[in-house]
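Inside the fold
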Amino acid sequence: SQQGEEDPQALSIQEGENATMNCSYKTSINNLQWYRQNSGRGLVHLILIRSNEREKHSGRLRVTLDTSKKSSSLLITASRAADTASYFCATANYGQNFVFGPGTRLSVLP
Amino acid sequence: DAGVIQSPRHEVTEMGQEVTLRCKPISGHNSLFWYRQTMMRGLELLIYFNNNVPIDDSGMPEDRFSAKMPNASFSTLKIQPSEPRDSAVYFCASTPQQGAAQPQHFGDGTRLSIL
């Protein structure tokens, strides 16, 4: 399976701290995407990184991709209470659709 | 801009009943996806359409599940007869074009409880 696996399953930090979540996958990918899901809501796309890219930034988000290790990380800097959510990585193989990992539950405490 | 709209938001029904979930994708989007989310299995792709045509339904769990997309602005996911193990949150998502390089736009889901 190409399913991504997020690590850790749950993370609790204080407001203002940085949060790092990791995603590992098993097969070659075309791209990897990160999504956020607030409680009771649908998933919201955060960032897409292609297989030939190593790092991307979007506001307080930084995503890295290491295809040799088949892993990606999502860093949220200067976290806020509003960042409390579940975060999912989704891997996409060439010509196929996404497979979502089980997610990381992030709690940012005020 | 209107996002993906799903209805109903919540559905509670007794086992054996027919359940119909509805989805309106973002206007102009050509691909539509149905997912199921549970604590045990996470987010699973059930079926996806491109230009109203079902492309991959390998994730549909059983013949009790069926999905249609009669036009570009409407899709249904039907369960008949429903069973308690079908209880989950069902999401619809759409993308502008077919292909895995497209960010998916999700609705807020239908929380289904089968008693």
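Everything in this summary refers to the structure shown in the same document. None of the values given here were measured: they were computed from a predicted structure.

All names here are of chain B. The buried fraction of strand β4 (residues 31-38) amounts to 7 of the 8 residues, a majority that puts the element mostly inside the structure. As judged from the 8 bridges shared by β4 and strand β5 (residues 42-50), these two strands associate in the antiparallel manner. Considered in β5, the bridge of L32 is made with F49. Connecting β4 to the antiparallel partner β5 that follows it, the hairpin turn spans 3 residues. Examined bridge by bridge, β4 and strand β9 (residues 88-95) share 7 bridges and lie antiparallel to one another. In the strand pairing of β9, W34 is matched with C92.

Residues and elements named next belong to chain A. In total, this model carries 2 disulfides over all chains according to the counting rule given. A disulfide bridge connects C23 with C89, and the sulfur atoms are separated by 2.0 Å. Residues C23 and C89 are joined through a disulfide that is right-handed, its torsion about the S-S bond being 65°. In this pair, C23 sits in strand β3 (residues 19-24) while C89 sits in strand β9 (residues 85-92), placing the two residues 66 residues apart along the sequence. Across the pair, exposure class does not vary: C23 and C89 are buried alike.

What follows concerns the layout of surface pockets. A volume near 770 Å³ is recorded for the largest pocket. If you go around the largest pocket, you meet 30 residues; those closest to its centre are Q37, S86 and F88 of chain A together with Q37 and M39 of chain B. Of all the elements in the fold, those that place two or more residues in the lining of the largest pocket are β9 and β11 (104-109) of chain A together with β4 and β9 of chain B. Broken down by element, the lining of the largest pocket gets its largest block of residues, 4 residues, from β11 of chain A. The residue inventory of the lining of the largest pocket, partitioned by class, reads 8 nonpolar, 16 polar and 6 charged.

Rules behind the numbers
Residues numbered from 1 in each chain as written. Chains lettered and ligands numbered in written order. Predicted model: local features only at pLDDT ≥ 70, side-chain atom pairs only at ≥ 80, totals over all residues. Heavy atoms only, no water. Buried < 20%, exposed > 50% of the residue type's maximum accessible area, 1.4 Å probe, protein only. Helix = DSSP H or I, 4+ residues; strand = E, 2+ residues; numbered from the N terminus. Pairing = 2+ DSSP bridges. Disulfide = S-S within 2.5 Å. 1 Å grid on protein atoms, 1.4 Å probe; cavity = no way out; pocket = protein on both sides within 12 Å on 5 of 7 lines; lining within 4 Å. Points joined across faces, edges and corners; volume = space filled by probe spheres on them. Nonpolar A, V, L, I, M, F, W, Y, C, P; charged D, E, K, R; others polar.

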